[in-house]
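So you can see what is in the structure, the chains are spelled out below.
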Amino acid sequence: MKTVLTIAGSDCSGGAGIQADLKTMAAHGVYGMSAIAALTAQNTTGVAGIYHVSRDFLEQQLDCIFTDIYPDAVKIGMVSEKELIEGIAGKLKQYGAKNIVLDPVMVSTSGSRLLSGDAIGTLKEVLFPLADIITPNVPEAEVLSGVSIRTKEDMEEAASKIGEYFDGYILMKGGHSVEDANDYLFYHGKKKMFRGTRVENENTHGTGCTLSSAIASNLAMGCDMETSIQNGKEYITGALLDGLDLGKGSGPLNHMYRLK
Ligand SMILES: Nc1ncnc2c1ncn2[C@@H]1O[C@H](COP(=O)(O)OP(=O)(O)OP(=O)(O)O)[C@@H](O)[C@H]1O
Ligand SMILES: Cc1ncc(CO)c(N)n1
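None of these values were measured; they are calculated from a predicted model. (Residues numbered from 1 in each chain as written. Chains lettered and ligands numbered in written order. Predicted model: local features only at pLDDT ≥ 70, side-chain atom pairs only at ≥ 80, totals over all residues. Heavy atoms only, no water.)

Sorry, what's going on with the pairing of strand S7 (residues 169–172) here?
The side chains of a regular strand alternate between both faces of the sheet. Residues Tyr169 and Leu171 line one face of S7 and the alternating positions Ile170 and Met172 line the opposite face, and both faces are buried. The pairing of strand S6 (residues 133–134) with S7 spans 2 bridges and is classified as parallel. Bridging from a neighbouring strand, Ile133 pairs with Tyr169 of S7. Both S7 and strand S8 (residues 183–187) contribute to a ladder of 3 bridges, which runs antiparallel. By the bridge assignment for S8, Met172 is matched with Tyr184. (Buried < 20%, exposed > 50% of the residue type's maximum accessible area, 1.4 Å probe, protein only. Helix = DSSP H or I, 4+ residues; strand = E, 2+ residues; numbered from the N terminus. Pairing = 2+ DSSP bridges.)

What follows is the structure, encoded as structure tokens:
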């Protein structure tokens, strides 16, 4: 069985973070493992609190995982502190981790800050060089590039700025657009669109976590990068189309829609 590790934050309400990642992995038939960087107290209406684990404890989790069940792919999500980012980078290098999908989580769907301001530089300097693909949404791509994105041309400019310090695949997600849900992949000066039909569903809690875990699951199963993104896009669209409606705010997706 193929194995995938998520390094991210826990969402006690089960819609985003570690819980969304493990559900996505289970739905793909891969064996999911998790190293928890933070516990969040949150639900569909917002984030009430964040409790970070220590660097030592995060490293201990990674040692336990890598020395026993080696992951075929790694997804990295919410990691908000500088020293945790440094700890992860050290361990991923030590164990030669491969197929690394980095979702540069900065703000929750509900608007809470999930990455410390002083950690953005560390993320770019120490973790980006290890990643095969990064999956920023538009606001994250703006922070990473310094370009204000309004048009498709702005996206290209942002990708080329990010490309000055990041050598891998950049998937800019269009979930925040109003007219469509197209995502754009930039790689070494080339651009490819992954077309997505916008689903009229307010319940989008954890879409970013789900997509990055679906891509990691596909990479673990041996798909190439573009196929992994295409398959991930189909999975997220199906999970949104299911129309699950839980909670009082922006609710979670149905990861089990394929079993219906
Ligand atoms: N209403 C929608 N209809 C169809 N696809 C969507 C919709 N909203 C988001 N997506 C898709 O979901 C994936 C995640 O994109 P999004 O931009 O929402 O990520 P994100 O902002 O990082 O997510 P999160 O809310 O978890 O932080 C992308 O493939 C995007 O196109
Ligand atoms: C733990 C966690 N990771 C990521 C997100 C982004 O949606 C969230 N809300 N919570």
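Back to the write-up after that little detour.
Would you mind going over the nonpolar core with me for this structure?
A general feature of soluble globular proteins is that nonpolar side chains tend to end up buried together. Core analysis: the largest hydrophobic core is formed by 45 residues, its most contacted members being Ile7, Ile76 and Leu92. Here the element with the most residues in this core is helix H3 (residues 82–94); it accounts for 5 residues. The residues touching Ile76, leaving out its near neighbours within four places in the chain, are Ile7, Ile88, Leu92, Ile100, Val101, Leu102, Asp103 and Leu127. Core analysis: the second largest hydrophobic core is formed by 25 residues, Ala73, Leu171, Val199 and Ile236 among them. (Core = buried A, V, L, I, M, F, W, Y, C linked by side-chain atoms within 4.5 Å. Contact = heavy atoms within 4.5 Å.)

Got a minute to help me understand the sheet that holds S8 in this structure?
Paired through their backbone hydrogen bonds, the strands of a sheet run either parallel or antiparallel. Judged by pairing direction, the sheet is mixed, and its 9 strands sit side by side in the order S3-S2-S1-S4-S5-S6-S7-S8-S9 without closing on themselves. The strands lining the two open edges of the sheet, one partner per strand, are strand S3 (46–52) and strand S9 (190–194). Across the sheet, helix H1 (residues 17–27) lies against strand S1 (3–11), strand S2 (31–43) and strand S4 (73–76), angled at about 150° from S1, the strand it touches most. Contacting S1, S2, S3, S4 and strand S5 (100–102), H3 crosses the sheet at an angle of about 170° to S4. (Axes fitted to C-alpha atoms, helices over the stretch in contact; angles between N-to-C directions.)

In this structure, what is going on with the pairing of S1? I would like to understand it.
Counting buried positions along S1 gives 9 out of 9 residues, so the element sits mostly inside the fold. Two strands pair when backbone bridges link them, and S1 and S2 are joined in this way by 9 bridges, in the parallel orientation. The residue bridging Ser10 from the neighbouring strand is Leu39, located in S2. For the crossover from S1 across H1 to S2, the handedness is right-handed. Sheet analysis places S1 next to S4, joined by 4 bridges and oriented parallel. Each bridged residue has a counterpart across the sheet, and for Ile7 the counterpart in S4 is Ile76. (Right-handed = clockwise from strand over helix to strand, strands pointing away.)

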